[in-house]
Amino acid sequence: MAKDTYTEFANTPLGKRLTKSLGLPQPAKLRRYSPQAPLIPGTVVVLGDSAASEAIAQQLLSWDVDVRRHVGAKEKIAAVVAVFDTVATPGDLSQVTLELGGLLKQLGSSSRVITVYRDPAGTEDPAARAARKGVEGLTRSLAHEMRAGGTANGIILEENLDAAAPGIAGALRFLLSGRSAFVSGQFITVSSVNGSLPADWSRPLEGQVAVVTGAARGIGASIARILHRDGAQVIPVDIPAAGEQLAQVTNEVSGTALQLDITAADAGQRILDHAEQHYGRLDIVVHNAGITRDKLLANMDPARWESVIAVNIESQLRMNKIFLASEFFSRSEPIGPDGGSSGPRIVSLASTSGIAGNRGQTNYAASKSGVIGMVSATSAQLQARHGTINAVAPGFIETEMTAKIPFATREVARRLNSLNQGGRPEDVAETIAFLASPAAGGTSGLTLRVCGQNLVGA
Ligand code: NAD
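Here goes a summary of the coordinates provided. This is a predicted model, so every value here is computed, not measured.

Of the regular secondary structure elements, the protein holds 15 helices and 15 strands. Here the C-alpha radius of gyration of the protein, 22 Å, is about what a compact globule of 458 residues would show, namely 23 Å. In terms of overall dimensions, the protein has a C-alpha envelope of 60 × 55 × 45 Å along the principal axes. Across the 458 residues that make up the protein, the buried fraction comes to 51%.

Pairing is parallel across the open sheet formed by seven strands, whose spatial order is 9-8-7-10-13-14-15. Of all strands in the sheet, those bounded by a partner on one side alone are strand 9 (258-259) and strand 15 (447-450). Sheet analysis places strand 13 (residues 345-349) next to strand 14 (residues 388-394), joined by five bridges and oriented parallel. Bridge pairing links V347 to N390 in strand 14.

Below, the discussion takes up the site of the ligand. The environment of the ligand is formed by 27 residues, the closest being G214, G218, G290, I397 and M401. Looking at the shell around the ligand, the elements that each hand over two or more residues are helix 7 (218-229) and helix 13 (400-403). A per-class count over the shell around the ligand returns 13 nonpolar, ten polar and four charged.

We note that S110 has phi near 45°; this positive angle belongs to a residue other than glycine. Relative to the helices and strands, S110 resides in strand 4 (residues 107-118). Using a count of 22 C-beta atoms within 10 Å as the deciding quantity, one classes S110 as buried.

This brings us to the packing of helix 10 (residues 302-325) against helix 12 (residues 362-383). The description of two packed helices rests on the angle between their axes and on the distance between the axes. Between helix 10 and helix 12, the shortest axis-to-axis distance is 8 Å and the interhelical angle comes to 10°. By the criterion of interaxial angle, the relationship of helix 10 to helix 12 is roughly parallel. Between helix 10 and helix 12 the crossing geometry is right-handed. For the pair formed by helix 10 and helix 12, the contact residues are R304, W305, V308, I309, N312, I313, Q316, L317, N320 and L324 on the first element and N363, Y364, A366, S367, K368, G370, V371, M374, T378 and Q381 on the second. Classifying every residue of the contact of helix 10 with helix 12 gives ten nonpolar, eight polar and two charged.

It is worth spelling out the sheet that holds strand 5 (residues 151-157) at this point. With parallel pairing, six strands are arranged side by side in an open sheet as 2-1-3-4-5-6. Each edge of the sheet is formed by a strand with only one pairing partner; in this case those strands are strand 2 (67-68) and strand 6 (187-190). One ladder, built from seven bridges, connects strand 4 with strand 5; its direction is parallel. Counterpart to V116 in the pairing with strand 5 is I155.

Next up on the list: the environment of I168. Here I168 lies in helix 6 (residues 166-176). On the basis of neighbour count, I168 is assigned to the buried category, with 26 C-beta atoms found within 10 Å. Distance from I168 to T388, taken between C-alpha atoms, is 15 Å for residues 220 residues apart in sequence. Not counting chain neighbours up to four residues away, the residues in contact with I168 comprise I155, L157, A163 and V190.

Here we take up the environment of L103. Inspection of the secondary structure assignment puts L103 in helix 4 (residues 94-103). Under the C-beta neighbour-count criterion, L103 is labelled buried, with 20 such atoms within 10 Å. Sequence-wise, L103 and G149 are 46 residues apart; in three dimensions their C-alpha atoms are separated by 17 Å. Once residues lying within four places of it in the same chain are set aside, the contact partners of L103 are V45, I77 and V80.

This part is about the pairing of strand 15. On strand 15, burial covers both faces: T447 and R449 on one face and L448 and V450 on the other are all buried. Sheet analysis places strand 14 next to strand 15, joined by four bridges and oriented parallel. Among the inter-strand pairings, P394 is bridged to a residue of strand 15, identified as V450.

Reading the values: the criteria
- Residues numbered from 1 in each chain as written.
- Predicted model: local features only at pLDDT ≥ 70, side-chain atom pairs only at ≥ 80, totals over all residues.
- Helix = DSSP H or I, 4+ residues; strand = E, 2+ residues; numbered from the N terminus.
- Rg over C-alpha atoms; globule rule 2.2 N^0.38 Å.
- Buried ≥ 20, exposed ≤ 12 C-beta atoms within 10 Å, placed from the backbone.
- Pairing = 2+ DSSP bridges.
- Near = placed C-beta within 6 Å.
- Nonpolar A, V, L, I, M, F, W, Y, C, P; charged D, E, K, R; others polar.
- Axes fitted to C-alpha atoms, helices over the stretch in contact; angles between N-to-C directions.
- Parallel < 35°, antiparallel > 145°, perpendicular 65-115°, else oblique.
- Left-handed = near helix turned anticlockwise from the far one by under 90°.
- Contact = placed C-beta atoms within 7 Å.

Below is the structure:
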């Protein structure tokens, strides 16, 4: 992993003064998740007077958060939740938006703004849809304006969804917490009442078994560690050539390694057999293994094109078919005290290159856009079993993959986002752990970016 010397310098007293006076980027030290730390270090103001805003305030109170409807002009606050779920025309946006604006200067470092609103596609009324889309635009713009490591994101509620649905609480908690340190300008859609809140928020994956492909290093190793920390038993998978590193990660997470090339025709079946033999169950699959073979399309050769498509998307399609056809993975079982049920979870790695495109990456971007398409097309099958499938699209993440980028290009790439720094593998892993957790059971078919609001592309 390449060192980010600039961010280190910018956080010294001299660096802070210098970067400020020269108008240079000021990357803040981000608040990251620790099971021991409070959910959010300070007061949370909930704006809006709908039933949904009341339900959200109650939910926060049940987590012992210092929740307020109003604060004094000088009081420091840690987050604002702005609830817009009843807006019917763009004129309705003013009150809550301007109240929110009046609070921004009171936000501390690594603060959070979360907007909550109904799905624009849920209404055919032009004024109502305009108002709802308006929340999206203001949230994205505010994310660009946040300072000192603060983020702004939205939670989109399906048209008739009850505000007490567990998925709303799950998304709220993820966005307030340090788990979402590198997620900004993004939206989490909660479309069903599926899912449940864990008894112990520090071990949301207790009792579950997860397979992580490409787990010998980089983002995959981090995913294995974080799923393990959250209570899951982990099966790290990687190619035989990465056996030594794979064994090391497996030891760390007290898991059982599986050496496997995911492009093999029997890869899916071997994963199922391994899980059945060692644990008797499989709950979560993380398709993380991926490769780049960059070349301008004018110079692209068949081997570069075909290997990237084979590893990054075709293997996932082939394995999913096997997983979804198997009763062993593809079952749903009762969970929680409220009679809910939980089914299989799949999380796949896309990339911001698959959203915005990237010079030299036609092959990689085709495979990663492919992942986004695959996830949305597979969602109905998973939801029918009370399961979910989602993708995570990382932006610039500090790994061995990105350490190979020449210095100047790397320095530009890591500053080109609203947080002025590269993300860490654990930022991607925390988002994956959230999507795999019972509390995210209402979210499926989504691609969530972990990119610090990368300025390139959508
Ligand atoms: P990495 O190269 O550090 O690790 C990838 C792992 O996948 C390696 O251990 C490798 O051995 C394994 N792998 C490759 N082909 C395999 C195969 N056929 N079968 C089994 N294992 C195989 O990459 P990373 O940076 O940790 O990236 C992980 C994922 O995140 C990839 O899908 C990548 O495309 C995606 N991603 C990374 C970034 C970034 O900035 N690093 C950005 C966007 C997306």
